[in-house]
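# Residue-level structural notes
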Amino acid sequence: MVAAMALFVTFSGCDSPSKLAGAIEGSWSGAPETLSNTTDGIVTGVDSYLFTKTGATDGSVEIATMISLNEALPGDSSIVQPISLSAAAKATAQGMWVAVDDDEISLTIDPTTIEVSVDPDAVVLETSLLTGNDESVASTLKPAIAERIKKQIVRVITVKYLDIKHFDDIKIKDNRMKFEIGKAHLVMSRQGSMEE
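Now for a look at the structure at hand. Since we're looking at a predicted model, the values are computed, not measured. (Residues numbered from 1 in each chain as written. Predicted model: local features only at pLDDT ≥ 70, side-chain atom pairs only at ≥ 80, totals over all residues. Heavy atoms only, no water.)

Moving on: helix 2 (residues 17-24). Each α-helix turn comprises 3.6 residues. Residues three or four places apart therefore point the same way. Along helix 2, the residues classified as buried are Leu20, Ala21 and Ile24. Down the axis of helix 2, the sector holding all buried residues measures 100°, keeping them to one side. (Buried < 20%, exposed > 50% of the residue type's maximum accessible area, 1.4 Å probe, protein only. Helix = DSSP H or I, 4+ residues; strand = E, 2+ residues; numbered from the N terminus. Arc of directions from axis to C-beta.)

Following this line, the structure appears as structure tokens:
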């Protein structure tokens, strides 16, 4: 009975905001999630968080999201056939957090720190009907496409980051953290080890 109660306490959360702050400190990585899904394409991302304590119950947070985008584009004037596009990007932001309860933290992300990078060389344009000349034209389009993708991702990621205001109902056990953001139920895994 005692063991069962101890397990319940461990799974349910921490005893105080300061204990939660100590438990959440460190690096955490989430699972892939869909950030945008339209008829034009799909944007998915994997979040990682680095929580650093600067006080007993608060600290700074760095967020990084590895993003992949897949969509179909209409043909360019020099490329008649539609193009399948895939690209990779990275978004980052910084902010502050504070443990406000034994199972809740409040976050404030600074929108001026949001950055998105897209590597033009990592943009892949595909169609089964590309000729050698078409491939050369497609290559010249990559920088402009990368810039368009960046603007698209900035819009999507800004909405996502600024919607992160609370981690609610936090439960940490065996280097896994379950929590809620709004109505979404999420799980992240600790990266690396934390000293006891």
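This paragraph deals with the pairing of strand 1 (residues 26-30). With 4 bridges joining them, strand 1 and strand 3 (residues 41-53) adopt antiparallel strand pairing. Each bridged residue has a counterpart across the sheet, and for Ser29 the counterpart in strand 3 is Ser48. Note: strand 1 against strand 11 (residues 184-191), 4 bridges, orientation antiparallel. Bridging across to strand 11, Ser27 finds its partner in Gln191. (Pairing = 2+ DSSP bridges.)

Bringing the pattern of salt bridges into the picture now. Applying the stated rule across the entire model yields 4 salt bridges. In this structure, Glu33 engages Lys160 in a salt bridge whose closest nitrogen and oxygen atoms are separated by 3.0 Å. Taken as a pair, Glu33 in strand 2 (residues 33-37) and Lys160 in helix 3 (residues 132-162) lie far apart in primary sequence, 127 residues in all. Its relative accessible area of 16% is what places Lys160 among the buried residues. The partner of Asp169 in a salt bridge is Lys171, with the nearest N and O atoms 2.7 Å apart. A single network of salt bridges, built from pairs that share partners, joins Glu33, Asp47 and Lys160. (Salt bridge = Lys/Arg side-chain N within 4 Å of Asp/Glu carboxyl O.)

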